[in-house]
Amino acid sequence: MHKKNKLSRSLVIYTLVIIVILVAIFVINQKENNMEKSNQKAAEAPSISGQPIAGQEGSSISIVEFGDYKCPSCKAWGEQVWPQIKQEYIDTGIASFAYVNTLFHGEESKLAAQASEVVYMNYPERFWDFHNALFDEQPQASLHDDLWVTEEKILEVAQVTIPELNTETFMQDLTDNSIQEQLNQDQLLVSQFNISQTPTIIINNTVIANPFDYNEIRKVIEQESD
Ligand code: CA
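Since the model is a prediction, treat every value here as computed from it, not as a measurement.

Cut-offs and rules
Counting from 1, residues in each chain are numbered in the order their sequence is written. This being a predicted model, a pLDDT of at least 70 is required before a residue's local features are given, and a value of 80 or more before pairs of side-chain atoms are given or counted; all residues contribute to the totals for chains, interfaces and linings. The side-chain quantities take in all heavy atoms of the structure and omit both hydrogens and water. Secondary structure elements follow DSSP: runs of H or I of four or more residues count as helices, runs of E of two or more count as strands, with numbering from the N terminus. Only the C-alpha atoms count toward the radius of gyration. The rule for a globule is 2.2 Å times the residue count to the power 0.38. Each residue is assigned to one of three classes by its accessible area relative to the maximum for its type, calculated with a 1.4 Å probe on protein chains only: buried under 20%, partly exposed between the two thresholds, exposed over 50%. Strand pairing is assigned whenever DSSP detects at least two bridges linking the two strands. For this analysis, residues touch if any pair of their heavy atoms sits within 4.5 Å. Water is absent from the atoms considered, so a metal site may look incomplete; donors are defined as N, O and S atoms within 2.8 Å of the metal, or 3.2 Å for Na, K and Ca. Axes here refer to lines fitted to C-alpha atoms; in helices the fit is confined to the stretch in contact. Angles between the N-to-C directions go from 0 to 180 degrees. By definition here, a helix of n residues has an expected span of 1.5 Å times n minus one. The aromatic pairing rule takes the rings of Phe, Tyr and Trp, using the six-membered ring of Trp, and pairs them if the centres are within 6.5 Å, calling planes under 30 degrees apart stacked, those over 60 edge-to-face and the rest tilted.

Explain the overall build of the protein residue by residue, including any values.
Helices and strands together make up the secondary structure of the protein, namely nine helices and six strands. Since a compact globule built from 226 residues should have a radius of gyration of about 17 Å, the 24 Å found for the protein marks it as more spread out than a globular shape. By its C-alpha atoms, the protein is 95 × 45 × 30 Å across when sized along the principal axes. Counting only residues that meet the buried cut, the protein has 40% of its 226 residues in that class.

Listed below in C-alpha cells is the structure:
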C-alpha cells in the first residue's frame, strides 16, 4: 500500500515535470515566433534608380516591392494590400512605390520579368497597366508550377495594355540579351537585401515582417513621416 502511494506520488511529480517542460517549450517557441514576426532594419533603403516608380519620385518615403509574377502571394498582395497603399499614400503624393523583379520560380518568372523590363524601357507610361494585367492573368489559386507565362500570353497582355505596341520590336526585345542587364540590376538588389520570399515589402530601410498586415505598414509609414 505504502509502495503504491510512493509510486503514484512519483507519477504525479513526473507528470508535473513534463507539463512544466512542455509549457517552457511552448513559451520559448512563441517568443521565437514573435521575434520572427518583427520587422527588420536594413542598413539602407534599396536603390530604386532604373526601377519603375509609381507616385512621387524622390519622396521621403520609399516603398519597394520585391515581387514575382509567378508568385500567388504577390498576386494576392496586389489585390488586397496595394489598393489601400495606393489610395492612402501613393495617390496623395506621400510615398513612392517601386517594383523589383525577383525570380524565384524559374523560366516563367524570368520571361514575365523580361517582358516587364521591355515594357518599362520602351513604354514606361504603360508599365503599371501591363504589370497589373499580367498579374490578373495569373490563374486564381494557381500553384507555382502551373504553366501560364508563355510568349503568346505576354504578347496578348502587351497588345491589350499598349495600344501603340510595335509587336515585332517587342518580341525581338523580349529575347534580346540587353534586357538581361535590367534583370541583373534587380538580382543585385535581391542579393543585397537577402530577399528570401516574395512579396517582400521594404519601407525606406524597414523590412516588413508580414506584408499583408496593413496596419503595420501604415504604422511604419507614419513613423517614417515624423
Ligand atoms: Ca527592374
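Outline the pairing of strand β3 (residues 61-67), listing residues and values.
Among the seven residues that make up β3, seven are buried, leaving the element largely enclosed by the rest of the structure. With burial as the criterion, each face of β3 is covered, one bearing Ile-61, Ile-63, Glu-65 and Gly-67 and the other bearing Ser-62, Val-64 and Phe-66. As paired strands, β3 and strand β4 (residues 95-101) are joined by seven bridges and run parallel to one another. Each residue of the ladder has a partner; that of Ile-61, found in β4, is Ala-95. Alignment of β3 against strand β5 (residues 200-203), held across four bridges, turns out to be antiparallel. Residue pairing across strands places Glu-65 opposite Ile-201, the latter belonging to β5.

How would you sum up the side chain of Gln-51? Please name residues and give values.
Structurally, the position occupied by Gln-51 is in the loop between β1 (40-41) and β2 (53-55). Once residues within four sequence positions are removed from consideration, Gln-51 is found in contact with Ala-98, Tyr-99, Val-100, Tyr-120, Gln-185, Asp-186 and Leu-189.

Just give me the short version of the coordination of the calcium ion, but keep the residues and values in it.
For the calcium ion, the full set of protein donor atoms is Gln-51 (OE1), Glu-117 (OE), Asp-186 (OD) and Asp-186 (OD), at a range of 2.3 to 2.6 Å. Considered as a linear motif, the donors of the calcium ion on their single chain read Q-x65-E-x68-D. Here Gln-51 is found in the loop between β1 and β2, whereas its partner Glu-117 is found in helix α4 (residues 106-122), with 66 residues between them in sequence. When its relative accessible area of 1% is taken as the criterion, Gln-51 is described as buried.

Can you explain the sheet that holds β1? Please cite residues and give values.
If you trace the six strands from one edge of the open sheet to the other, you get β1-β6-β5-β3-β4-β2, paired in mixed fashion. Each of the sheet's edge strands pairs with one partner strand only, and the pair in question is β1 and β2. In this structure, β1 lies alongside strand β6 (residues 206-207), joined through two bridges in antiparallel fashion. Paired with Gln-40 across the bridge in β6 is Val-207. Each of β2, β3 and β4 is contacted by helix α3 (residues 82-90), which is oriented at about 145° to β4, the strand it contacts most.

Outline α4, listing residues and values.
Here α4 spans 25 Å end to end across 17 residues, near enough to the 24 Å set by a 1.5 Å rise per residue. Those residues of α4 that sit buried are Glu-108, Ser-109, Leu-111, Ala-112, Ala-113, Gln-114, Ala-115, Ser-116, Glu-117, Val-118 and Val-119. Among the structural elements, β4, α5 (127-137), α6 (151-161), α7 (167-174) and α8 (178-192) are those in contact with the buried residues of α4.

Break down the packing of aromatic side chains for me, citing the residues and quoting the values.
One pass over the full model with this rule turns up nine aromatic pairs. Note on Phe-66 and Phe-193: the rings are 6.4 Å apart at their centroids and 40° apart in plane angle, and the pair reads as tilted. Here Phe-66, found in strand β3, pairs with Phe-193, found in the loop between α8 and β5; they are 127 residues apart in sequence, far enough to count as distant. Overall, the relative accessible area of 0% leaves Phe-66 in the buried class. Taking relative accessible area as the criterion, Phe-193 reaches 11% and is therefore assigned buried. Measuring from ring centre to ring centre gives 4.8 Å for Phe-127 and Trp-128, while their planes differ by 85°; the resulting arrangement is edge-to-face.

Residues and numbers for α6, please.
Residues Lys-153, Ile-154, Leu-155, Val-157, Ala-158 and Thr-161 constitute the buried set of α6. Here the buried face of α6 lies against α4, α5 and α7.

I'd like a rundown of unusual backbone geometry, residues and numbers included.
Cis geometry marks the peptide bond from Thr-198 to Pro-199, where omega comes out at -5°. In this fold, Pro-199 is placed in the loop between α8 and β5. For Asn-194, which is not glycine, the phi torsion reads 55° and is therefore positive. Assignment of secondary structure puts Asn-194 in the loop between α8 and β5.

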